[in-house]
Amino acid sequence: MASVTIRRLSKVFDGGVQALHELDLEVRDGELLVLLGPSGSGKTTVLRCVAGLEEPTTGDVVIGERVVTHAPPAERDVAMVFQTPALYPHLTVRDNIAFPLELRSVADAQIARRVLEAAQRLGLESVLDRLPAQLSEGQRQRAALGRAIVRGPQAFLLDEPLSRLDAPLRIELRGELLALHRALGATMIYVTHDQTEAMTMGQRIAVLHEGRLRQVGTPEDVYQRPADVHVARFIGTPGMNVLQGRGRGTGEEGRVIEAGSLIIPVELSTYEGELQLGIRPEFVGLCAVDKGVGNADVLVVEPLGSETLVHLNAGGQSLVARLPGFAEVRVGTRVGVKVDRRRLYLFDAAGAPLA
Amino acid sequence: MSSRLWAAGATAAATVAAVLVLVVVTTAQRRYERAFALRMAATTAAYVAAVTPPPPPPPSPRRVPRGRRRAAVPAPPPPPAPAPQSPAARSYDLPSLLTQAHALRTLPGWSSDVEVYFGTAPLVDATAPPLSPDDLPHLAAGGRWRDGAALVPLNDRAGQEVVGAVAVRPRPVPHGPLPGGLGFAFPAAIVAVGAAATIAFRQHSLRRGGYVGAALLLALAGYLDVWAAARQSTDRWLVDTRRLLTEAATRLPPPRARVAITDLAAMVRDGEIVVGEPAESAPRRVRIDGEQRAVVAVLIGPGRWIELRSVPAEAEAPKWLILLLPGALLGPLAIMALRWAERTPVRSRRETVMAWGFLAPAALHLLMFTVGPAIYAIYLASLANFRALVRDPLTWNSFVTSAAYALYVPISIALALAVALAVHRYRERGGWGRRLVSVAFLLPYVSSVVAIALLWQATYHAGSLGLGRPDWLSNSHTALLALMLVSIWAHVGGQMLVFLGGLDAIPQAYLDAALVDGAGAWRRFWRVTLPLLRPVTWFVFLTGVISALQMFTLVFVVTQGGPFPLHATDVVVHRIYRTAFGPQALGMASALALMLGIVLLIFRWPQLKLVRRQERHA
């Protein structure tokens, strides 16, 4: 196992699209790092640069102590699992798993032993002689994992391996992947756009947005202390409410931020002018009209059982409140809005956090 | 639809189908009866013409009394010039005609009633209505069926003018072997309708109820009846004609002491008469020179036997199956359709009916111009043709030549794949150069084969690309090779296009995975790309072989099967063409085409399976 280091990595595609902007990232030896970002954020490009499937325009990729920026994939000793299982349809599961070993001219007996080992680890012994078409989705993705682990690579690159599975299977395989990571002590880079997956799996999460690395940190870090407004919006289901507001240092109510129909008192020392106000849905509450920081119209009510999401329109600003249990709210009515003032996040107009 | 109503509908459909079969059977029986009657009438007319003497020359007024005057005349007048005979002289002696006609009526063992008209007047049954004066000129155009009788012209002795008519009304005879002269079809129809009613009212499946079997049995029974009717029509003619021939042997006018076989043969133009041997009286079927013939032995004098032969009408009875089988299967089909309609919800029923509506023109076209001719070809190609073909070395030569020619396919496939791989790589880099390459390879593929053929013919004649002075096309050892070269050149483009599509369809993930796993370009091709292209390769190979075996134009334009006498480029389709427009004509060509068709099926089968598998994957 080895660490993976990315230094000032940029990638400009032939069409002139810049997918990555000077990315710096270090994945420690034995760490499971999740690369999280919406589609088009460049996370897969990072992975392909590490694998050697794409050549970076500038910057370096280091695996272990070795700079491999321009080395072909075969010389990097990394394994990759793709979104589609990419099992060769003409080979049995056994031959698929054995494929990378055969390419390395490993002795037959050893191949057989290691394939069986990998299959046992993934619960695939009974389907080793089937063709991929005869497997379930989950078995197929497991077999793809088997092909990756069988040769004990320096690092695993996982490109949304679970995104095509249905929800229960995804949760099941997520657990298996975590167990696998612990058992192998492997360095893993796991790409996903699903922030729930990122929160549950990653020791650290690297959040990508428009080809730039926005934040690297533990799940708690990125949730509690988002590095900018993009991270704040992206993390959480639903993400953080971000209101466009205007700060007023002085006024009848003291220091306030006006955002749409809301006037929210803040404890910020001084700030005036355009800013962005963030608040997570769980810290937004409803009350009687005119009793809160302002009034809003109820647009949509989503009862989820354990909680209810209420989508509001507060003078042109949209806002989601997360209420416990089934809330008695009617669509089309006007309600008062409460916010937990200690849980406010303030960003400047460009999205950077304010002290 | 209630199940009772449905069952009634199903039974009605089965009844309609059964009635249809019965109608076909009855029509066929009537046709064969009419055919017999018309044939018999023609034979009778010929008989009458042969046995009736001409009218006596008009008596001159001075020649009375006859006997004495003749003796007194010292020198007989020179006989009148034989031609031109006057119409009257070509006609018949009326009293003799009357006698002959009456004799026909009392001819023992005849199965028909006969009437002979002289002019428009009936001779046998004088009280019968005469013909209308318009009838005779009409009859000159040929016999016709009227009022349950076959009416044919009675020509004058020289066969020049219609002087009367012969009508033959066949007496009803039992058509079938069952009591009441019933055939098999009627009881089979009842059984079939019964079976249909059973499955309809008891809600059995079509497969279990045995109705399909009953319907097939009905078709078979109907066919047996038709076959029997055909056989009967030939047999009746043979037996009745035998009667006429025996009669003619004694009545043919003097001066012949012994009747000549040729005189009798003139009476039966659509049959054959040869010297025969004593035999049983019933008509028999014998094989003469590989052809089935119906024969009967005829005694025409003491110890003189002849054999009367005819083509048996039942030989072409199978054509009625074309009507009988669909007619009988209409019932099960209708029930299937009804079942389907009962089970299927309204909208999908409507959509299916609509879909078939749109398909109908194409299906009809297919039926008329593909299925029809194929069946006709099978009909034309008799077993004898196959036997002759198998013995013909040119047949085997053509198959071997075609097989050798088809060997170009693997070569062109390998080339096409190589070009496709190159173009595919090139395309990944982007650019219009790829298009240029594609067009260069595709141009021959989309060009007219005739144009290509002429171009290459000129090229070879001009010195075979400078690769040797002698023209490759005129050398038996190289001519086929030269054509194969042309075909490779012409086909690489199209095959490349298919491979290009196949390469595009390979998900990039497979190749990426192989790359990360450490496979080099060579291994990626052999272990990933080529196996994934296997269906495409099979497709290109099979369609290539099929079209190679069907190749015609190139040979037709460039070599015409030569150089001769080795027939070095005489491929199968060209042989078919040569045969069809050669002396042995269509039957042989059809047989050869069928042989090729069977070979093509061998290649078509895996291709269809391939297509089906791809549909499943899609």
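Residues numbered from 1 in each chain as written. Chains lettered and ligands numbered in written order. Predicted model: local features only at pLDDT ≥ 70, side-chain atom pairs only at ≥ 80, totals over all residues. Heavy atoms only, no water.

1. A closer look at the packing of aromatic side chains
- Scanning all chains against the criterion turns up 13 aromatic pairs over all chains.
- Against the face of Y88 of chain A rests R147 of chain A, its NZ or CZ located 4.9 Å from the ring centre.
- The positively charged end of R39 of chain B is found above the aromatic ring belonging to W237 of chain B, 3.7 Å away from the centroid. (Phe/Tyr/Trp six-rings, centres within 6.5 Å; stacked < 30°, edge-to-face > 60°. Lys NZ or Arg CZ within 6 Å of the ring centre and 35° of its normal.)

2. A word on a nonpolar patch on the surface
- Among the surface-exposed residues, F184, L217, L220 and L224 of chain B lie close enough to one another that they form a single nonpolar patch of about 360 Å² accessible area.
- Structurally, L217 of chain B can be placed in helix α8 (residues 211-251). (Patch = residues over 30% accessible without salt bridge, like charges linked within 9 Å, V, L, I, M, F, W, Y side chains within 5 Å. Areas by Shrake-Rupley, 256 points an atom, 1.4 Å probe, with all protein chains shown as cover. Salt bridge = Lys/Arg side-chain N within 4 Å of Asp/Glu carboxyl O. Helix = DSSP H or I, 4+ residues; strand = E, 2+ residues; numbered from the N terminus.)

3. Topic: the sheet that holds strand β13 (residues 262-265) of chain A
Residue and element names in this part refer to chain A.
- Pairing in this open sheet of 5 strands is antiparallel, and the strands run β13-β12-β11-β14-β20 from one edge to the other. Looking along the sheet, the strands with just one partner apiece sit at the ends: β13 and β20 (345-348). For this sheet the average axis-to-axis angle between neighbouring strands, irrespective of direction, equals 40°.
- Of the strand pairs in this sheet, strand β14 (residues 273-279) and β20 are connected by 4 bridges, and their pairing is antiparallel. What sits directly across from L277, in β20, is L346. (Pairing = 2+ DSSP bridges. Axes fitted to C-alpha atoms, helices over the stretch in contact; angles between N-to-C directions.)

4. Some words on the interface of chain B and chain A
- Tallying the contact residues gives 16 residues for chain B and 23 residues for chain A.
- Across the chain B/chain A interface, buried area totals approximately 1700 Å², and carbon plus sulfur atoms make up 62% of it.
- The three residues of chain B that bury the most area against chain A are V516, D517 and R527 of chain B, which together make up 40% of that side's buried surface.
- Our enumeration of links across chain B and chain A arrives at 4 salt bridges.
- For the salt bridge of R527 of chain B with E102 of chain A, the shortest nitrogen-to-oxygen distance reads 3.1 Å.
- At the boundary of chain B and chain A, one finds 7 residue pairs in polar contact (both at pLDDT 80 or more).
- If you list the elements that add at least two residues to the side of chain B that touches chain A, you get α18 (508-517) and α19 (521-532) of chain B.
- Sorting elements by how many residues they give to the side of chain B that touches chain A places α18 of chain B first, with 8 residues.
- In terms of residue class, the side of chain B that touches chain A is built from 10 nonpolar, 1 polar and 5 charged. (Contact = heavy atoms within 4.5 Å. Buried area = accessible area lost by both parts, 1.4 Å probe. Polar contact = N/O pair within 3.5 Å; in protein donor to acceptor, adjacent residues only side chain to side chain. Nonpolar A, V, L, I, M, F, W, Y, C, P; charged D, E, K, R; others polar.)

5. A word on helix α2 (residues 93-103) of chain A
- The element α2 of chain A is largely enclosed, with a buried count of 8 among its 11 residues.
- Among the residues of α2 of chain A, those classed as buried are V93, N96, I97, A98, F99, P100, L101 and L103 of chain A.
- Where α2 of chain A is buried, its residues meet α3 (108-122) and α4 (137-149) of chain A together with α18 and α19 of chain B.
- In the stretch just after α2 of chain A, S105 of chain A is the one whose phi turns positive, near 55°. (Buried < 20%, exposed > 50% of the residue type's maximum accessible area, 1.4 Å probe, protein only.)

6. A closer look at the domain arrangement of chain A
All names here are of chain A.
- Domain annotation of chain A identifies domain 1 (4-234) and domain 2 (241-348).
- Computed over C-alpha atoms, the centres of domain 1 and domain 2 are 40 Å apart.
- Of the residues lining the interface, 8 residues belong to domain 1; the matching set on domain 2 comes to 7 residues.
- Around 690 Å² of area is buried between domain 1 and domain 2 when both sides are counted, 49% of it from carbon and sulfur atoms.
- Summed over the three residues of domain 1 that lose the most area to domain 2, namely Y223, V229 and R233, the buried surface amounts to 61% of that side.
- Our count for the contact surface shared by domain 1 and domain 2 stands at 0 salt bridges.
- For the pair domain 1 and domain 2, the interface holds 3 residue pairs in polar contact (both at pLDDT 80 or more).
- Counting only elements with at least two residues in the side of domain 1 that touches domain 2, the list comes to α7 (219-224) and α8 (229-234).
- Looking at side-chain class alone, the side of domain 1 that touches domain 2 contains 5 nonpolar, 1 polar and 2 charged residues. (Domains from an automatic or database assignment.)

7. Regarding the pattern of salt bridges
- For the structure shown, the criterion picks out 35 salt bridges over all chains.
- With its nearest N and O atoms 2.5 Å apart, the salt bridge here joins R285 of chain B to E314 of chain B. In this pair, R285 of chain B is assigned in strand β7 (residues 284-288) and E314 of chain B in the loop between β9 (304-310) and α10 (321-343), connecting sequence segments 29 residues apart. Comparing R285 of chain B with E314 of chain B shows no difference in burial state: the two are buried.
- Salt bridges linked by common partners bring K11, R48 and E54 of chain A together with D512 of chain B together as one network.

8. Here we look at the nonpolar core
- L35 of chain A together with F499 of chain B are the most contacted members of the largest nonpolar core, which totals 100 residues.
- With 12 residues, helix α17 (residues 479-505) of chain B is the largest single contributor of residues to this core.
- Excluding its chain neighbours within four sequence positions, the residues that come into contact with L35 of chain A are L25, K43, V46, I189, Y190, V191, T192, A206 and L208 of chain A.
- Counting 45 residues, the second largest nonpolar core, distinct from the first, contains I97, L101, A118 and L169 of chain A. (Core = buried A, V, L, I, M, F, W, Y, C linked by side-chain atoms within 4.5 Å.)

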